[in-house]
Amino acid sequence: ILLHVADRIRSRIDELAHLETLDNGKAIRETRAQVNASADYFEYYGGWADKLEGHVVPVRGRFHTYTVYEPIGVCGQIIPWNSPLPQAAQKLAPALAAGCTMILKPAEQTPTTALILGEMLLEAGLPRGVVNILPGFGPTAGAALASHPGIDKVAFTGEVGTGQEILRASVDNLTKVTLELGGKAPNIVCDDADLDAAVRGTLFGIFAGAGQYCDAGPRLFVHSKIRDVFVDKLLKMTQKIRVGDPLDPATHVGSLTTQEQLEKVVRYVEHGQQEGAELIAGGEQPDVPQLAGGYFYLPTIFDRVKPGTRLAQEEIFGPVLSLLDYDDDEQLVTDANGTVYGLAAGIWTEDMRRALTLAERLKAGTVWINTFRQTQISASFGGYKMSGIGREKGLSGLEEYCEEKTVWVDLNDRGIGYFDD
Ligand code: ADP
Ligand code: MG
């Protein structure tokens, strides 16, 4: 069934990408890639469905001891608005492969493609009731899922504050919880980096999707030796980013998804200016008549941002890049790790010894070397520190939907000797 769903998603890519863009404002070039990725998720976990093996455990004495994976049970899955279809696929596919049943609550802002995915699952032969798509608001439908005693596991993606509420709600029933929360990824350009590649990766990392990704790279550390050259290249290429109609295939960056999000970005740009950072690009909505009234915002760059400021610490979830000073690798590691988050980090250097040493020292669930914001379903993803609990994707993501049962069989017919003497 999962493999059939993957085929169905691929056969409707134009329609699904169109709906996704209407719902959340991301550029169609991006939602097309995301629809493809959503198909991959079902294909990947469809492959796992008959491969999740337990093992035989070596123990002392005459026992046969083995483990089996069992489905964890009924899952409540709560997802955000930034990538509705891939988020739904990433939650549903592993839970189905594990043998669970589930209730998925899409974000109130973007419920459309999850409902269609539910239909596709039925068309592919899934029995009714196994997957339930339940659109609704967070404080009502979401909170009910988080606290219901019939729910065995809650998987949540969204803001830290909501994640904390979900974790609190889990206490009474000791519901198992996995959380994929915010991020504030550092993106580090060393003095020996391939600067053109680093510029492209940096811009992709923060401006694709108008920065509305938890693994976006809003904190840019550029080594002082190459700073001026790099910033010059960065600004030149930023001017070439096409912000516009999300349905136009030529558009690089569409709109923000909600008015709330636009207002948040505007607020943080004000904070940045009050905190003394230098605005060197963007900082306003595009002045284009066709975009008037939309939630569009220009790619925005602040220079000379101090590590302790709100701009450098808090998740904005918008197209705002902050440049921080960097001279030596020791201070860099302290500053790069100096937020409550630990979801992802990027490093640009041709020196692999330095790259791998930094990769080891950065507290992040994913580290990219000479690339940025690469994820695929086979590679696990999740957060250190306040970026989350547990992992999604890959085999780790599947195991989060399983209980491991250990079975002991006594092969020694004398039984337990404790009371014999
Ligand atoms: P974001 O705004 O980044 O999407 P949110 O945490 O606000 O992150 O929302 C993510 C998801 O969590 C949405 O589906 C939303 O409806 C849901 N949600 C919001 N509040 C609660 C809550 N108190 N309990 C459970 N789910 C919630
Ligand atoms: Mg929210």
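These figures come from a predicted structure and were not determined experimentally. (Residues numbered from 1 in each chain as written. Chains lettered and ligands numbered in written order. Predicted model: local features only at pLDDT ≥ 70, side-chain atom pairs only at ≥ 80, totals over all residues. Heavy atoms only, no water.)

**Student:** Please clarify how the pattern of salt bridges should be interpreted in this entry.
**Tutor:** Any two side chains of opposite charge can pair, given that their charged atoms come close. Tallied over the full model, the rule gives 23 salt bridges. The closest approach of N and O atoms between R354 and D191, which form a salt bridge, is 2.8 Å. Within this pair, whereas R354 is found in helix α13 (residues 352-361), its partner D191 is found in the loop between β7 (186-189) and α8 (195-207), the two being separated by 163 residues in sequence. Taking relative accessible area as the criterion, D191 reaches 24% and is therefore assigned partly exposed. Here the salt bridges do not stand alone but share partners, grouping D191, D192, K225, D329 and R354 into one network. (Salt bridge = Lys/Arg side-chain N within 4 Å of Asp/Glu carboxyl O. Helix = DSSP H or I, 4+ residues; strand = E, 2+ residues; numbered from the N terminus. Buried < 20%, exposed > 50% of the residue type's maximum accessible area, 1.4 Å probe, protein only.)

**Student:** Is there a simple way to think about the sheet that holds strand β4 (residues 131-133) in this case?
**Tutor:** Pairing is mixed across the open sheet formed by six strands, whose spatial order is β4-β3-β2-β5-β6-β16. Taken across any chain shown, the strands that pair with only one partner, and hence form the sheet edges, are β4 and β16 (388-389). Here strand β2 (residues 74-78) pairs with strand β5 (residues 153-157) via four bridges, running parallel. Looking at the pairing, C75 lines up with K153 of β5. In the packing of helix α4 (residues 84-98) onto the sheet, the strands contacted are β2, β3 (101-105), β4 and β5, and the crossing angle to β3 comes to about 170°. Its contacts with the sheet put helix α6 (residues 138-147) on β2, β3 and β5, and the angle it makes with β3 is roughly 160°. (Pairing = 2+ DSSP bridges. Contact = heavy atoms within 4.5 Å. Axes fitted to C-alpha atoms, helices over the stretch in contact; angles between N-to-C directions.)

**Student:** Can you help me understand the site of ligand 1 in this one?
**Tutor:** Surveying the vicinity of ligand 1 reveals 18 residues, the closest of which are I79, K105, E108, E159 and T162. When contributions to the shell around ligand 1 are tallied by element, the ones reaching two or more residues are α6, β5 and α7 (160-169). Partitioned by chemical class, the residues of the shell around ligand 1 number nine nonpolar, five polar and four charged. (Near = heavy atom within 4 Å. Nonpolar A, V, L, I, M, F, W, Y, C, P; charged D, E, K, R; others polar.)

**Student:** Would you take a moment to explain the packing of helix α1 (residues 2-11) against helix α3 (residues 28-48) for this structure?
**Tutor:** Axis angle and axis distance: for two packed helices, these are the angle between their axes and the distance between the axes, and together they describe the pair. Axis separation between α1 and α3 bottoms out at 8 Å; the angle between their running directions is 165°. By the criterion of interaxial angle, the relationship of α1 to α3 is roughly antiparallel. When the axes of α1 and α3 are compared, the crossing they make is left-handed. Contacts from L2, L3, V5, A6, I9 and R10 of α1 reach α3 at V35, N36, S38, A39, D40, F42, E43, Y45, G46 and G47. Residue classes in the contact of α1 with α3 are distributed as nine nonpolar, four polar and three charged. (Parallel < 35°, antiparallel > 145°, perpendicular 65-115°, else oblique. Left-handed = near helix turned anticlockwise from the far one by under 90°.)

In short, geometric facts, not functional conclusions.
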